[in-house]
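Structure assessment
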Amino acid sequence: MKKLFLLPTLALGTLIACSDSSSSSTAPEVPETPEVSSSSEIPTQPIESSSSTIPDQPIVESSSSVSIVDPNETYDQKKYSYYGAELSGVDQFKYGRFEARMKMVSIPGSVSSMFLYYDDSYKKEDVPWNEIDIEVLGKSKTSWQSNIITREGLPEIKKNTSSEKIHQTEYDATEDFHLYAMIWTPEYVAWEIDSVEVRRDTLGISRGTHADSDQVAFLTETETLRFNLWASQSAGWVGKFTGAELAAGPQEQLIDYVRVYTYNEATKTFALDWQDDFEGTTLSEHWATGNWQMERVNLNPDNVIVRDGMCVLQLSREANPEAL
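Definitions and cut-offs
Residues numbered from 1 in each chain as written. Predicted model: local features only at pLDDT ≥ 70, side-chain atom pairs only at ≥ 80, totals over all residues. Heavy atoms only, no water. Helix = DSSP H or I, 4+ residues; strand = E, 2+ residues; numbered from the N terminus. Areas by Shrake-Rupley, 256 points an atom, 1.4 Å probe, with all protein chains shown as cover. Buried < 20%, exposed > 50% of the residue type's maximum accessible area, 1.4 Å probe, protein only. Polar contact = N/O pair within 3.5 Å; in protein donor to acceptor, adjacent residues only side chain to side chain. Phe/Tyr/Trp six-rings, centres within 6.5 Å; stacked < 30°, edge-to-face > 60°. Salt bridge = Lys/Arg side-chain N within 4 Å of Asp/Glu carboxyl O. Pairing = 2+ DSSP bridges. pLDDT = per-residue confidence, 0-100. Contact = heavy atoms within 4.5 Å.

With that out of the way, let us pick up the overall build of the protein. Helix and strand counts for the protein stand at two helices and 20 strands. For the protein, the exposed surface amounts to about 14200 Å²; the carbon and sulfur share of it is 49%.

Next comes the structure, spelled out in structure tokens:
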């Protein structure tokens, strides 16, 4: 049976929205925002990618335990084929609350994520980029990155505007399950871990001279909810990927459940739209899978598995027959 985190304000499927600063004097203070930087190693493929006491949870063993890692191993595309995974949402959203209870992956070079993404962002030119991220990076198992990525839909604007922020934790994200959440409204974007808000960006915060420097205002497109596990080329961002940790088997990001809430702009409240507990052996109608290249890996639909009431995203490798 699933053990769910039920937020204190949740009642009869309706979640009262956190008050924005314009409507309540008790709203959380807006945290300091980092300097603007361009997105780290944005791929040319269709997708980029950017505590309270936890109740006892069932222990789910992953096949990602590695006892021996060869320190001399290097990333070798001739010897191995490397594969990642993406769970791609089908539903289109304009605002909402998005939650997932997950156990993440963190090995050198990896990105283990949950994010909202405007599907045409990769086209560039006169197409804007809209994205909101939660990412556990290969540099640290005890931190994660929140981010908003935007770009004006103008051919002369080549770089994205990003607002990466690293959040330190008291836990190892690869050892236990935690509840990750992104909240997107016209007034603010917020991030939570285990029902505790850790960051809020509000409407009107300017990060530069372009139109998309007010990132909350520039999140104008419908977005899909996605999860992926991949390896980046940017060693400075996530550590150097060698694939050595995959010698004993795949690394696995485990998704226990996903909950999606709609947002009522008039009442500023959220209502539960749907929940996926990943029962059975196949994905529900809410999902598809990715099958393109993400820097160091190819996304393989076979690396998205429904197993034991979980959706499992695998980072794996296979020996190339010609190299044997």
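And the narrative resumes.
The next subject is the side chain of T269. Mapped onto the elements, T269 comes out in strand 15 (residues 269–276). Taking relative accessible area as the criterion, T269 reaches 17% and is therefore assigned buried. Within the local environment of T269, its side chain forms a polar contact with the side chain of T267, the two groups lying 2.7 Å apart.

Right, let's talk about the packing of aromatic side chains for a bit. Any aromatic ring pair is given by two values, namely how distant the centres are and how the planes are angled relative to each other. Using the criterion set out here, one finds 13 aromatic pairs in the structure. Ring plane angle 35° and centroid distance 4.7 Å describe the contact between Y75 and Y82, whose orientation is recorded as tilted. With respect to class, Y75 is no different from Y82; both count as buried. An angle of 70° between the planes, with centres 5.0 Å apart, marks the rings of Y95 and W184 as edge-to-face. In this pair, Y95 sits in the loop between strand 3 (80–89) and strand 4 (96–103) while W184 sits in strand 10 (residues 178–184), placing the two residues 89 residues apart along the sequence. This pair shows no difference in class: Y95 is buried, exactly as W184 is. Cluster of aromatic residues (ring-pair linked, three or more members): Y75, Y80, Y82 and F241.

For the structure on display, the rule yields 13 salt bridges. For R317, the salt bridge identified is with E73, shortest N-O distance 2.3 Å. Highlighted residues: R317 in strand 20 (residues 310–319) and E73 in the loop between strand 2 (14–16) and strand 3, separated in sequence by 244 residues. Each member of the pair R317 and E73 is classed as buried. With its nearest N and O atoms 2.6 Å apart, the salt bridge here joins E99 to R97. Through salt bridges with shared partners, a single ionic network connects R97, E99, E192 and R259.

This next bit is on the environment of K141. Residue placement: K141 occurs in the loop between strand 6 (129–137) and strand 7 (143–151). With 36 residues separating them in the primary sequence, K141 and V105 have C-alpha atoms 7.8 Å apart.

Let us look at the environment of A211. Mapped onto the secondary structure, A211 falls in the loop between strand 12 (196–202) and helix 1 (215–218). In the structure, A211 is positioned 60 residues away from R151 in sequence and 8.5 Å away in space, judged by C-alpha atoms.

The subject of this paragraph is unusual backbone geometry. One non-glycine residue, Y95, lies in positive phi territory at about 80°. For Y95, a relative accessible area of 14% puts it in the buried group. Backbone geometry at K268 places phi at a positive 55°, although glycine is not the residue there. Its place among the elements puts K268 in the loop between strand 14 (251–264) and strand 15. In this structure K268 comes out as partly exposed when scored by relative accessible area, which is 28%.

Before going further, it helps to spend a moment on the pairing of strand 19 (residues 304–307). Along strand 19, the buried face is formed by V304 and V306; none of I305 and R307, which line the opposite face, is buried. One ladder, built from four bridges, connects strand 19 with strand 20; its direction is antiparallel. When the sheet's bridge partners are listed, V306 is paired in strand 20 with C311. The antiparallel hairpin formed by strand 19 and strand 20 contains two residues in its connecting segment, where D308 sits at a positive phi of about 55°.

Position of R200 relative to the elements: it lies in strand 12. Polar side-chain contacts of R200 include one of 3.1 Å to the side chain of E197.

What follows concerns the confidence of the model for the protein. Of all residues in the protein, 79% attain a pLDDT of 70 or more, and the chain-wide mean is 83. A low-confidence stretch, residues 3–67 (pLDDT under 50), is modelled with 168 contacts involving residues beyond four sequence positions or located in other chains.

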